[in-house]
Amino acid sequence: MTVLEILNRTKVFFEKKGVPDARLDAEYIISHGLGMKNRMDLYLNFEKPLTAAELDTLRPLVARRANREPLQHIIGDTSFRGHIIKCDTRALVPRPETEELVDMAKKSLEGVAAPFVVEVGTGTGAIAIACAKEIEGAKVLATDISEDALALARENAEANGLGESTEGASLTFAQGDLLDAVTGDIVAKIVGASASSATLPKISCLIANLPYIPDSEKGKLQPEVDKFDPELALYGGPDGLTLVRKMLQQTEGKLNAGAPIFLEIGSEQAPMLEAEADNYPWLEFTGSHKDFCGNIRFVSYKAK
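These lines cover the structure that appears in this document, whether it is placed above or below. Source: prediction; values computed, not measured. (Residues numbered from 1 in each chain as written. Predicted model: local features only at pLDDT ≥ 70, side-chain atom pairs only at ≥ 80, totals over all residues. Heavy atoms only, no water.)

Quick look at the nonpolar core now. Counting residues in each nonpolar core, the largest one holds 35 residues, and the members touching the most others are V118, V120, L206, M247, L263 and Y301. Within the residue set of this core, elements represented by two or more residues are strand 3 (116-120), helix 9 (184-191), strand 6 (205-208), helix 11 (242-250), strand 7 (260-264), helix 12 (270-275), strand 8 (283-290) and strand 9 (296-303). Within the second largest apolar cluster, 29 residues are counted, among which are I85, L101, A126 and I207. (Core = buried A, V, L, I, M, F, W, Y, C linked by side-chain atoms within 4.5 Å. Buried < 20%, exposed > 50% of the residue type's maximum accessible area, 1.4 Å probe, protein only. Helix = DSSP H or I, 4+ residues; strand = E, 2+ residues; numbered from the N terminus.)

So, in structure tokens, the structure goes:
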């Protein structure tokens, strides 16, 4: 059996199993299983006969995807803004749309010297890693309530040259419930000051992609999400905004004047948050924003 034949058979098998993007996923899995540099190598090897050993390698990978295990779990990683991010069941797979949060943060911090950036609910660490590598002079603190997610985020930081043990590290992790993790001791460690110092910096930019799926959606999501993503990272209460509201309440007194907040949300949730803006009189609701697919994906605030 040739590469092309196994590719076509895998595509048909995936389609029968309801796998989205069946052809593309088949290309990724077969190129990965055969140790090719990228899926373009498949096109250069369509007529290559596969050995019995190669077929034995491919079968379990194909079976895992047919069971709707996420492609990124099978391959082991994904690219987020060009940074390679390990993916497994400890955290959500970072989505391409989420990359735009980093663009928003970068633009808002142009001209800000040594900004202190906080990401809440870091998961794989993808957003925090991108901010630490792409925002000049930034000190980034990434928090999560899940120790498992933080372990994965730390592995990703190390793999991207951002280990916390590095002298003058630009990225630090802390475990805790939303902004409760941003303690004086942690901030002092990041900036090299005393925790009792009256000059500890406030947050220059706050980013969060918190669980925002309503509880009523449990059991209704795609199998890739429902069966393999941690429930803790998915659901945000009756209307999906319980954790978002809780974090916004925690922001009082923690941000520099004018500091932005960027949140990823569900497409129907922006009007609810705008209507509730007066609940946080120390913040100004500055708008809702579309992703590159044209869907409302983000909201922003500014500290007064």
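Here the focus is the environment of A259. Summarising the element assignment, A259 is placed in the loop between helix 11 and strand 7. With 25 residues separating them in the primary sequence, A259 and L234 have C-alpha atoms 27 Å apart. Residue contacts for A259: discarding those within four places in its chain leaves I203, S204, Y301, K302 and A303. (Contact = heavy atoms within 4.5 Å.)

Let's shift gears to the packing of helix 6 (residues 99-108) against helix 7 (residues 126-134). The interhelical angle for the contact between helix 6 and helix 7, taken along N-to-C directions, is 35 degrees, at an axis separation of 10 Å. The element helix 6 and its partner helix 7 pack so that their crossing is right-handed. For the pair formed by helix 6 and helix 7, the contact residues are L101, V102 and K106 on the first element and I127, A130, C131 and E134 on the second. Considering only residue class, the contact of helix 6 with helix 7 consists of 5 nonpolar, no polar and 2 charged. (Axes fitted to C-alpha atoms, helices over the stretch in contact; angles between N-to-C directions. Left-handed = near helix turned anticlockwise from the far one by under 90°. Nonpolar A, V, L, I, M, F, W, Y, C, P; charged D, E, K, R; others polar.)

Taken together, the buried positions of helix 11 are occupied by V244, M247, L248 and Q250. Projected down its long axis, helix 11 carries its buried residues within an arc of 155 degrees, all on one side. Against strand 3, strand 6, strand 7, helix 12, strand 8 and strand 9 lie the buried residues of helix 11. (Arc of directions from axis to C-beta.)

As a further point, take the environment of Y28. For Y28, the position within the fold is in helix 2 (residues 22-33). Remark: the alpha-carbon pair of Y28 and L42, spanning 14 residues in sequence, is separated by 9.3 Å.

Turning next to the packing of helix 2 against helix 4 (residues 52-66). When two helices pack together, you describe them by how their axes are tilted relative to each other and by the distance separating the axes. Between helix 2 and helix 4, the least distance of the axes is 9 Å, while the angle of their chain directions is 145 degrees. The way helix 2 lies across helix 4 gives a crossing that is right-handed. Every residue of helix 4 that contacts helix 2 at D25, I29, I30, H32 and G33 is listed here: T57, L58, L61, V62 and R65. Its residues assigned to classes, the contact of helix 2 with helix 4 shows 5 nonpolar, 3 polar and 2 charged.

Taken in spatial order, the 7 strands make up an open sheet running 5-4-3-6-7-9-8, and their pairing is mixed. The open sheet is flanked by strand 5 (171-175) and strand 8, the only strands paired with a single partner. Across the sheet, the mean angle from the axis of one strand to that of its neighbour is 20 degrees, orientation sign disregarded. Judged from the 5 bridges that link them, strand 3 and strand 4 (residues 139-144) form a sheet pairing that is parallel. Pairing of E119 across the sheet is with A142, part of strand 4. (Pairing = 2+ DSSP bridges.)

Following the criterion strictly, the structure yields 22 salt bridges and no others. R65 is the partner of D25 in a salt bridge, and the nearest nitrogen-oxygen pair spans 2.7 Å. One end of the pair, D25, is in helix 2; the other, R65, is in helix 4, with 40 residues separating them in the sequence. What makes D25 buried here is its relative accessible area of 7%. Taking the shortest distance from any N to any O, the salt bridge between R90 and E155 comes out at 3.1 Å. Here the residue R90 occupies a position in the loop between strand 2 (83-86) and helix 6, and E155 occupies one in helix 8 (residues 147-159), the gap between them amounting to 65 residues. The class for E155 is partly exposed, based on a relative accessible area of 34%. Linked through salt bridges whose partners overlap, the residues forming this network are D25, R65, R68 and E224. (Salt bridge = Lys/Arg side-chain N within 4 Å of Asp/Glu carboxyl O.)

The quantities given are spatial measurements derived from coordinates; they are silent on function.
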